[in-house]
Every structure is written in structure tokens, then in C-alpha cells.
Amino acid sequence: MHAATFAAVFAALYVAHSVGDHWVQSSCQAADKGKPGWTGRLADTRHVAGLTVTKLVVLLPVALLLDLDLSAAGLVVGLGLDAVTHWWADRRSTLAWLAKVAGKGEFYSLGTPAHPVHPVTAAGTPAAHLGTGAYALDQSFHHVWLLVAALIIATV
């Protein structure tokens, strides 16, 4: 039964993560969460609070409708760990550091003017694109911790 519970929890968290990170997060939070000092810390905290509430709003009906056996402790520990790791990564300098020490510094800058082969228009100005290496590494970092959170929630 743990496998089915894990699958349902992970699916709910994955969907809620996407909604919370892209629809619920305000433009101000997205712009400010990587800033130094309290401005950035508070913006990141507001973002992660909204994201965590979104995950609960999605997960609880799934748990009730599918009659999942989830404990309060599992929810607190799983969502708490997810929130802490999400906050850490979204401070930006922290994830940039991790990318650098993991040998992914060039990929982190992909799609930005800092990358040696950044996209440009015919006039040589930065061109629009669908994402950056930083965004891809950010999302994959969050997905790993969603997996860990789902395992905790399903088994504790």
C-alpha cells in the first residue's frame, strides 16, 4: 500500500509545486527572493509559505478522496523538509554555489548574457527564450526534494 500512497502523494505534490511556483508566487516574490538581506529572505519566506499552503490544498483532498493513510507527523516532516530546501534553493546564490561546486556553473548561466554562447538577435541584442540553465537546475533540485517529501509523507 505504501507504493500507491507514495505515487498519489508525489503526483499531488508535483502538480501543487508547479501551480505554487508559477501561479501562486507573486511577481514581487519572484523578483525579490534572491536579493541579499531581509528583503530577499522575507520575499522567499512569503513565497515558500504560499507554496506550502498550495501543496496542502492540493494534497489533502487527494488524501481524503483516495482514503490515503497519512499521519500528521509525516505531513509536517515531509512538507517542512520540502519548504526548507525550497527556501534554500530559491535564495539563488545558494543554488548558484551548488551548481558551481558540482561543475554545472556554465549550464547554470545558459540562456543568460553571462553564458559564452547566449542567444542573440540578428542585431546582437539578447534574444527571448523559454528558460535558463538556472531555472532547469532549480526545478530539478525541487523535484528531488518533492520525491523525498513524498516518501516521508507516505511512510511516516
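Our structure's up above, just so we're on the same page.
The structure reproduced in this document is the subject of the present report.

Analysis parameters
The residue numbering used here restarts from 1 in each chain and proceeds along that chain's sequence as written. The predicted nature of this model means local features are confined to residues of pLDDT at least 70 and side-chain atom pairs, given and counted, to a pLDDT of 80 or more, with totals for whole chains, interfaces and linings taken over all residues. Remark: hydrogens and water are excluded; side-chain values derive from all non-hydrogen atoms of the structure. Here a salt bridge means any side-chain nitrogen of Lys or Arg lying within 4 Å of a carboxyl oxygen belonging to Asp or Glu. Each helix is a run of DSSP H or I of at least 4 residues and each strand a run of E of at least 2, with the numbering of both proceeding from the N terminus. Structural elements are reduced to axes, namely lines fitted to C-alpha atoms, with helices fitted over the stretch in contact, and the angle between N-to-C directions of any two is expressed from 0 to 180 degrees. For any helix crossing, the convention is left-handed if the near helix is rotated counterclockwise from the far helix by under a right angle, and right-handed if that rotation is clockwise. Without a salt bridge and with relative accessible area above 30%, a residue can belong to a patch; like charges are then joined within 9 Å and nonpolar side chains (Val, Leu, Ile, Met, Phe, Trp, Tyr) within 5 Å. We get accessible surface area from the Shrake-Rupley algorithm with a probe of 1.4 Å; when it comes to residues, only the shown protein chains can shield them. For every residue, the accessible area obtained with a 1.4 Å probe (protein chains only) is divided by the maximum for its type, and the residue is called buried under 20%, exposed over 50%, and partly exposed between those limits.

Focus on the pattern of salt bridges
- Counted by the stated rule, this structure contains three salt bridges.
- With its nearest N and O atoms 2.9 Å apart, the salt bridge here joins K35 to D32.
- Here D90 and K33 are joined by a salt bridge, their closest N and O atoms 3.0 Å apart. You can see D90 sitting in helix α4 (residues 72-90) and its partner K33 sitting in the loop between α2 (27-32) and α3 (37-65), a full 57 residues away along the chain.

Thoughts on the packing of helix α1 (residues 2-24) against helix α7 (residues 133-155)
- One can describe the packing of α1 onto α7 by two numbers: an axis separation of 8 Å at closest approach and a directional angle of 145 degrees. Like other packed secondary-structure pairs, α1 and α7 cross with a definite hand, here right-handed.

Things to note about a nonpolar patch on the surface
- Together, V15, V19, W23 and V24 make up an exposed nonpolar region whose accessible area comes to about 420 Å².
- On the basis of relative accessibility, which here comes to 41%, the residue V24 falls in the partly exposed class.

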